[in-house]
Amino acid sequence: MTRKFLFAAALCLLPLPAAASDSCANVAGDVVLSARTPEVDLYDAPTGKRVNIVKRDAFPACLAIASRAPNMMIQVMVNGSLVWVPPHMVNARLTSKKPAICRNLAMGTGDSKVSATRGLGEDCPAQQKSKP
Amino acid sequence: MAEPQATRGAIAAALSRIGKPNREHMAQSALQVSRWWVAALMIAFATWQIMLDPFGFSSLTQRYTQDISNLLITGPYLYPQTGRDKISVALIEEDTLHTLQMGWPWNYGIHARALDSLLVLHPRAVVVDLLFVDQRKDDTLADLAGEVRRYREAGVPLYFAAATDLPEGALPLRRELIAAGAKMVDPTILVNQGMTRQYPVEGLCFGSKPADGLCRSLALTVYRDLYPDQPLAPLKGKMEIVWGMRTNPAFTRWITGGSCSIDMPFSRRMWLAFFDPEAVRARCPYSSYFPVEKLMMGDDDPDVAAMARNRIVFYGASLEGVQDKSFTPVNGLIASVFVHAMALDNLITFRGNPEQDVATIGPVTLGSNLAQVLAIIPVILILSWLHMGDVRRRAKRPKAAEQKGAGAYIADKLASFAWHVLAFALAMGVGLVLTLTLGLSVANWVEVIFVSLVIGGMLLFSVPDAIWGYLHHVAVGAPREECS
C-alpha cells in the first residue's frame, strides 16, 4: 500500500520541473520568468536612476521583454509602467544573441602603450571568436 | 734640540719614500701583513660600497637582479598558488565599454549595478579600486550608497579606495558614500625606478580606529580584516612584491590572438632572461581576472561564478587615457589594480609575513644596508683567514712562485677560480639565510654577493697586503735606509 502510494506520489512529482520551465509558455519570445535576487531594482532608463525597488515576492512573473539595451538592461512592463531591470536580478528566457567576449592580450605586452582613447571598436576577430 | 731634528729628518725621509718607495722592502713588508688589517680594510671597503652606493650602480643592479630572479625562478617555478585561488579581479576595459556601448566615466548607478551583480555571486569581500571623489551632479549616487547598504546586510565587506592627495578639508570619498558606511582604504602604491616592485606597509586611516592602532595600506588593511587567524607580522619598512607568473587557466578563456602560457625549457628561459627579458615576461596577469561585462550580462557564467564565489574581488578599470597603470617586472605595463591584488596575494601566500626591505630581529629593525654589512662580516673573516694562510705560506717559501712549472701554473689559475666560487658560495649562503630567516628579499642582499666577489678579487691580487706593505715602508723605511 505504502509502495503504491509512493509510486503515485513520484508520478505526480515527475512533471514538476517541466511545469516550472513551462510556466511562462504562454508568453512568446524573450521573457522574464521571475525575480532572482531578494530585491529587484527598477530603472527609468538603461543608464538611468533607480526609480523603485520591488521585493522578490512582489515581483510579477512571466513578463514579456519589450526590448534590451546594448548594456544588457531589460525593459519590461511592471504595474503598468515600462521600466528597466538589470539582467542579474531576474531569471529570464532569452533567445537573442549575446555579444562575444574576447580579449586580445592587451595587458602585459611590454614596453609600449596606446596613447589615445579608442572611439569605436570592433567585434572579436571572426576566425578566433570565443564562446560568449 | 737633537730630538726635533731627528723627528723632522724621519718625516722628510717618510715623505721622500711616498714618491720613491723601495719595492723590495714593500714586498717583504706585505708578507708580514696583519690579519686584522686585512679584515678591517675589507670591512671598511664593503661598508663604503654598501652604504654609499657610488653612482647608484648597486641599487640599480640589486633591483635588476631581483627582476631577473622573479622572471627566471620565483615567478615561473617557486611562487606558490595559495593566494591565486582566493583573489580575483573584475575589470572594466575598452572592450567592456565597446560591448556595452557605453561611455566613460560611468555614472554611480552603473557601478552600483556592477557591484550588485557581483554580490549575487557571493564574494568574500570586494575592493573598489576606483576613486569616487569629485562633487559632480549625478542623480544615481543614491544607488551606489544603497549598494553599500546591501553589502552590509549581506555581510560582505566592501572597501573603497579613497583619495590621499587632496586639498585641505576635502573629503577622500563622496560624503554620501561615507555616510552609508563605506570602508575607506589607502590605495597608494610605490614606484621604484619606474617599476612597481615594492608596496607600502603604512597608509592613511581616514578616521577609522584599527584595533592594533596602526594605519595600513590597502592590501594590508584587507588582509588584517579577513585573515585574523594569520595575523600580520610586525611589518616596518616596505613590502617587496614577489610577482607570480602562472596565470589562472580559466582566464585564458577570454584570450584571442595569443597564449598566456609561460611554459618553456629552463635553459631557454635562462638564455632569454639574460639576453631578451621581454620575451620571458608573462603576457597575462597572475591574478584571476574576468571582464565586468560578463557580470552585467547576468548569464550565470560558471567560470565567472567560480572566480567570484568566496573570493576577495578587486573591482577596477584598465582604460586608455585613465592613467592607472603600472610597469611590473614580470608583466610589463598592466592595470594598477593588479598591483594591489598581487600584494594581497603575497600576504596570503606568506601568511602575513611577506618579504621586506628590512630585517626585524626581535625588537630591533635593521635597514637592508646595515643588515648586508653585518651579513658580509663573516664572509670577510673567512676569506681573510684563508688569505692569511696563503700569505704565511708564501712568507715561508718566497722562491716557490718563481719555480713554477706549467702544471703549477694551471693549478694556480684553478685555485683562483675556486677562490671566487668560494666567495660566491659563502655570500649566496648568507643571502639565503637572510631570506629564509629574516624575510629579506633578493634585492636587499644580492649586493653581499657582488661585494664578496670584489673582495675575493682584491684578496687574490693581495691588495690589502700591498697597501700594508706600502704604508709600512713609508712609515718605517727599509733596513738599509735606516743604516745609512
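Residues numbered from 1 in each chain as written. Chains lettered and ligands numbered in written order. Predicted model: local features only at pLDDT ≥ 70, side-chain atom pairs only at ≥ 80, totals over all residues.

Undergrad: Where do I start with the overall build of chain B in this structure?
TA: Regarding its fold elements, chain B presents 19 helices and 12 strands. For 484 residues, the compact-globule formula gives about 23 Å, and the C-alpha radius of gyration of chain B, at 31 Å, lies well above that figure. Counting over 484 residues, chain B shows a buried share of 43%. By sequence separation, contacts in chain B at least 24 residues apart represent 81% of the contacts at least 6 residues apart. (Helix = DSSP H or I, 4+ residues; strand = E, 2+ residues; numbered from the N terminus. Rg over C-alpha atoms; globule rule 2.2 N^0.38 Å. Buried ≥ 20, exposed ≤ 12 C-beta atoms within 10 Å, placed from the backbone. Contact = placed C-beta atoms within 7 Å.)

Undergrad: How should I be thinking about the overall build of chain A in this particular structure?
TA: The helix and strand tally for chain A stands at 2 helices and 7 strands. Considering chain A as a whole, with its 132 residues, one finds that 23% of them fall into the buried category.

Undergrad: Would you mind going over the domain arrangement of chain B with me for this structure?
TA: Often, the extent of an interface is quoted as the loss of accessible area on bringing the components together. Residue and element names in this part refer to chain B. Parsing chain B into structural domains produces domain 1 (20-63 + 364-483) and domain 2 (79-356). Each of domain 1 and domain 2 has a C-alpha centre, and these two points are 48 Å apart. In terms of residue class, the side of domain 1 that touches domain 2 is built from 2 nonpolar, 3 polar and 1 charged. (Domains from an automatic or database assignment. Nonpolar A, V, L, I, M, F, W, Y, C, P; charged D, E, K, R; others polar.)

Undergrad: Help me understand the environment of Lys20(B) in this model?
TA: Tracing the chain through its elements places Lys20(B) in the loop between α1 (2-19) and α2 (23-30). For the pair Lys20(B) and Val474(B), spaced 454 residues apart in sequence, the C-alpha to C-alpha distance is 9.4 Å.

Undergrad: Please explain α2(B) as it appears in this structure.
TA: Given 3.6 residues per helical turn, the α-helix brings residues three or four places apart onto the same face. Within α2(B) the residues assigned to the buried category are His25(B), Met26(B), Ser29(B) and Ala30(B). Each buried residue of α2(B) lies within a common arc of 140° when the element is viewed along its axis, so the set occupies one face. (Arc of directions from axis to C-beta.)

Undergrad: Just checking my understanding: could you explain the pairing of strand β6 (residues 81-85) of chain A for this structure?
TA: Note on strand geometry: in a regular strand, side chains alternate between the two faces of the sheet. All names here are of chain A. Pairing geometry for strand β5 (residues 74-78) and β6, over 5 bridges, is antiparallel. Within β6, the residue paired with Ile 74 across the bridge is Val 85. Hairpin connection from β5 to β6: 2 residues lie between these consecutive antiparallel strands, with Asn 79 at a positive phi of about 50°. (Pairing = 2+ DSSP bridges.)

Undergrad: In this structure, what is going on with the packing of helix α15 (residues 368-396) of chain B against helix α17 (residues 446-460) of chain B? I would like to understand it.
TA: In helix packing, the relevant descriptors are the interaxial angle and the interaxial distance, both defined with respect to the helix axes. Residue and element names in this part refer to chain B. Running from N to C, α15 and α17 cross one another at 25°; their axes reach a closest spacing of 10 Å. One finds that α15 runs roughly parallel with respect to α17. For the element pair α15 and α17, the recorded crossing hand is right-handed. For the pair α15 and α17, contact is made by Gln 372, Ala 375, Ile 376, Val 379, Ile 380, Leu 383 and His 387 and by Glu 447, Val 448, Val 451, Ser 452, Ile 455, Gly 456 and Leu 459, respectively. Across the contact of α15 with α17, the residue classes break down as 9 nonpolar, 4 polar and 1 charged. (Axes fitted to C-alpha atoms, helices over the stretch in contact; angles between N-to-C directions. Parallel < 35°, antiparallel > 145°, perpendicular 65-115°, else oblique. Left-handed = near helix turned anticlockwise from the far one by under 90°.)

Undergrad: Please explain the packing of helix α9 (residues 218-226) of chain B against helix α14 (residues 337-349) of chain B as it appears in this structure.
TA: Residue and element names in this part refer to chain B. Two numbers describe how α9 lies on α14: the axes approach to 9 Å, and their chain directions differ by 40°. In terms of their interaxial angle, α9 and α14 are classed as oblique. When you trace α9 past α14, the crossing you get is right-handed. Contacts between α9 and α14 involve Leu 218, Ala 219, Leu 220, Val 222 and Tyr 223 from the former and His 340, Ala 343, Leu 344, Leu 347 and Ile 348 from the latter. Counted by class, the contact of α9 with α14 contains 9 nonpolar, 1 polar and no charged residues.

Undergrad: For this particular structure, what's the right way to read the pairing of strand β4 (residues 63-68) of chain A?
TA: Residues and elements named next belong to chain A. With 2 bridges connecting them, strand β1 (residues 31-35) and β4 associate as antiparallel partners. Bridging across to β4, Val 31 finds its partner in Ala 64. Strand direction decides the pairing type here: β4 and β5, joined by 3 bridges, are antiparallel. The partner of Arg 68 across the bridge, within β5, is Ile 74. Here β4 hands over to β5 after 5 residues, with Met 72 in that stretch at a positive phi of 80°.

Undergrad: Just checking my understanding: could you explain the sheet that holds strand β3 (residues 158-161) of chain B for this structure?
TA: Picture the strands of a sheet paired through backbone hydrogen bonds; they go either parallel or antiparallel. All names here are of chain B. Taking strand neighbours across the sheet as the criterion, the 6 strands line up as β4-β3-β2-β8-β1-β7 in an open arrangement whose pairing is parallel. Of all the strands in the sheet, the pair left with one neighbour each is β4 (183-185) and β7 (288-291). When the angles between neighbouring strand axes are averaged without regard to direction, this sheet yields 25°. As paired elements, strand β1 (residues 87-93) and strand β8 (residues 312-318) share 7 bridges and run parallel to each other. Within the sheet, the bridge partner assigned to Ala 90 lies in β8 and is Tyr 315. On top of the sheet, helix α6 (residues 108-119) reaches β1, β2 (125-128) and β8; it is set at about 150° to β8, its chief contact. In the packing of α9 onto the sheet, the strands contacted are β2, β3, β4 and β8, and the crossing angle to β2 comes to about 165°.

Undergrad: How should I be thinking about the environment of Ala154(B) in this particular structure?
TA: Summarising the element assignment, Ala154(B) is placed in helix α7 (residues 141-154). It is 8.9 Å that separates the C-alpha atoms of Ala154(B) and His122(B), two residues lying 32 residues apart in sequence.

Undergrad: Teacher, can you tell me more about the environment of Lys396(B) here?
TA: Residues and elements named next belong to chain B. Inspection of the secondary structure assignment puts Lys 396 in helix α15. With 9 C-beta atoms counted inside 10 Å, the residue Lys 396 sits in the exposed group. Separated by 95 residues in the primary sequence, Lys 396 and Asp 301 have C-alpha atoms spaced 82 Å apart.

Undergrad: Even after reading the chapter, I still don't get the nonpolar core, so can you show me in this structure?
TA: The tendency in soluble globular proteins is for nonpolar side chains to be buried side by side. Residue and element names in this part refer to chain B. Judged by nonpolar contacts, the single largest core of 102 residues is most densely connected at Leu 118, Tyr 315 and Leu 344. Here the element with the most residues in this core is α14; it accounts for 9 residues. Judged by nonpolar contacts, the second largest core, of 35 residues, contains Val 33, Leu 41, Ile 380 and Ala 427. (Core = buried A, V, L, I, M, F, W, Y, C linked by C-beta atoms within 7 Å.)

Undergrad: Is there a simple way to think about α7(B) in this case?
TA: Between its first and last C-alpha atoms α7(B) spans 20 Å; for 14 residues at 1.5 Å apiece the expected length is 20 Å, and the two agree. Within α7(B), the full set of buried residues consists of Leu141(B), Asp143(B), Leu144(B), Ala145(B), Glu147(B), Val148(B) and Tyr151(B). Of the surrounding secondary structure, the elements contacted by the buried residues of α7(B) are β3 (50-55) of chain A together with α6, β3 and α8 (175-179) of chain B. Where α7(B) ends, the next residue or the one after it, Gly155(B), has phi of about 75°, a positive value. (Expected span 1.5 Å × (residues − 1).)

Undergrad: Got a minute to help me understand the confidence of the model for chain A in this structure?
TA: All names here are of chain A. On average, chain A scores 74 in pLDDT, and the residues at 70 or more come to 61%. In the model, residues 117-122 has pLDDT below 50 throughout and makes 7 contacts with residues more than four positions away in sequence or in other chains. Under a pLDDT of 50 for its full length, residues 127-132 has, in the predicted model, 16 contacts with residues more than four places off or in other chains. (pLDDT = per-residue confidence, 0-100.)

Undergrad: Teacher, can you tell me more about the confidence of the model for chain B here?
TA: Should pLDDT be low for a region, the predicted coordinates there are not to be read in detail. All names here are of chain B. With 96% of its residues at a pLDDT of 70 or more, chain B shows a mean pLDDT of 87. Confidence, read as mean pLDDT per element, is least for helix α19 (residues 479-483) in chain B (54) and greatest for β2 (97). ipTM for the predicted complex: 0.71, alongside a pTM of 0.80.

Undergrad: I would appreciate a short explanation of unusual backbone geometry in the present structure.
TA: Trans is the common state for peptide bonds, and a negative phi is the common state for residues other than glycine. All names here are of chain B. Cis geometry marks the peptide bond from Trp 104 to Pro 105, where omega comes out at 5°. For Gln 193, which is not glycine, the phi torsion reads 50° and is therefore positive. Counting through the fold element by element, Gln 193 comes out in the loop between β4 and β5 (198-200). The backbone phi angle of Asn 310 is positive, close to 60°, even though this residue is not glycine. Positionally, Asn 310 belongs in the loop between α13 (302-308) and β8.

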